[in-house]
Each structure stands twice: as C-alpha cells, then as structure tokens.
Amino acid sequence: IADSSARQVHSTPPPRRFCSAMAPRFVGCVLGSMALGAAGFSHFMKEIPNGMSVIRNSESWYGVGHYLAMGSGPLNPFGKEFKTAGYQWTPELCAADSDGDGQSNGLELGDPEGQWT
C-alpha cells in the first residue's frame, strides 16, 4: 500500500510574459535585422545601371531583383535572370524584357544600348 504522504506535488510554473522592458530591445533587434537584410546584398545595386536610383510606382526600389521594394524574399523575373547571368549586367540581360511590359531591361534602367560598364 502506497503512502499518500510520500507523494510529490509538482506545480506548473506560471506562463512567461513578454516583459514590457524587453519590448524596446526586441523592436531594435527586428529593425536591425531588417536593415542588415536590406544592406546585405546592396552591392548588387552597383552591378546594374542606375541600380542605386531605381524608382517604381513613385517609390524608391532598392530590391530591384525582388518583389519587395526593400529586397529580400522571392526573386522577381529580373532577379532570376540577373542570377542566371552570374549577377552581371550582360548584353542579353540588357536586351531582355524580364517583366514583359514591352520595354527592355536596359531601357528601363537607363541603358537602352547596353553601354554601361
């Protein structure tokens, strides 16, 4: 027969709460990560004509090869073609119409003749 007085009682610790003192640190980490993500591949902007000053829908578009203006996330058709070209501005990439709007990539980036180096 078991002695009920020898039974151990385990209590469940209280749930952890997100401390309001940690909120500024958390937000700072998230914003810092976003900035690093946006700047992480900024060197690609220097590999295409006018890459540092692309405007789309009246907004600066730093993630030229991405669907998101700040970069990161899935590549758009131009980003896929740029990757296939070895991240180089080539005559083929210049002449291509990656977004299918009837204008070459070169025309859209200010290098219609593919003269940029």
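What you are looking at is a predicted structure, and each value in this text was computed from that prediction instead of being measured. Position labels on residues start from 1 in each chain and follow its written sequence. Local features in this predicted model are restricted to residues whose pLDDT is 70 or higher, and side-chain atom pairs enter the listing and the counts only when it is 80 or higher, whereas totals over whole chains, interfaces and linings include all residues. Only heavy atoms go into the side-chain values, all of them from the structure, while hydrogens and water stay out.

Colleague: Would you mind showing me how to read the nonpolar core here?
Modeller: It is characteristic of soluble globular proteins that their nonpolar side chains tend to be buried jointly. Working definition of a nonpolar core: buried Ala, Val, Leu, Ile, Met, Phe, Trp, Tyr and Cys residues. They are joined through side-chain atoms within 4.5 Å. Note on classification: 1.4 Å probe, protein chains only; a residue is buried when its accessible area is under 20% of the maximum for its type, exposed when over 50%, partly exposed between these limits. Listed in full, the eleven residues of the largest apolar core are Ile48, Val54, Trp61, Val64, Ala69, Phe78, Phe82, Trp89, Leu93, Cys94 and Leu109. Every element with two or more residues in this core is listed here: helix H2 (77-84) and helix H3 (91-95). Among residues more than four places away in sequence, those in contact with Leu93 are Phe78, Glu81, Phe82, Gln88 and Asn105. Numbering of helices and strands runs from the N terminus, with a helix taken as a DSSP run of H or I at least four residues long and a strand as a DSSP run of E at least two residues long. The contact rule is simple, with two residues in contact once any of their heavy atoms fall within 4.5 Å.

Colleague: Is there a simple way to explain the side chain of Ser98 in this structure?
Modeller: Examined against the element boundaries, Ser98 turns out to sit in the loop between H3 and helix H4 (105-108). Here Ser98 falls in the buried class, since its relative accessible area comes to 9%. Polar contacts, as used here, are pairs of N or O atoms within 3.5 Å; protein pairs need one atom able to donate a hydrogen and one able to accept it. Residues neighboring in sequence count only if both atoms are side-chain atoms. Reaching out from Ser98, the side chain makes a polar contact with the side chain of Glu81 at a distance of 2.9 Å. A polar contact of 2.9 Å, which involves the side chain of Ser98, links it to the side chain of Asn105. The contacts of Ser98, once residues within four sequence positions are left out, are Pro77, Phe78, Glu81 and Asn105.

Colleague: Got a minute to help me understand H2 in this structure?
Modeller: An α-helix turns once per 3.6 residues; consequently, residues spaced three or four apart project the same way. Taken together, the buried positions of H2 are occupied by Phe78, Gly79 and Phe82. For H2, the angular spread of buried residues about the axis comes to 100°, placing them on one side. Exposed residues on H2 whose side chains face more than 90 degrees from its buried face are Lys80 and Thr84. Looking at the buried positions of H2, the neighbouring elements they touch are H3 and H4. The N-terminus of H2 is capped by Asn76, whose side-chain oxygen sits 3.1 Å from the backbone nitrogen of Phe78. Looking at the residues trailing H2, positive phi occurs at Gly86, about 75°. As used here, the arc is the angular range of directions from the helix axis to the C-beta atoms.

Colleague: I keep staring at the environment of Pro49 and nothing clicks. Help me out?
Modeller: Positionally, Pro49 belongs in the loop between helix H1 (23-40) and strand S1 (55-56). The sequence separation of Pro49 and Trp89 amounts to 40 residues, and the corresponding C-alpha distance is 8.0 Å. Not counting residues within four places of it along the chain, the set of residues in contact with Pro49 comprises Trp89, Leu109, Asp111 and Trp116.

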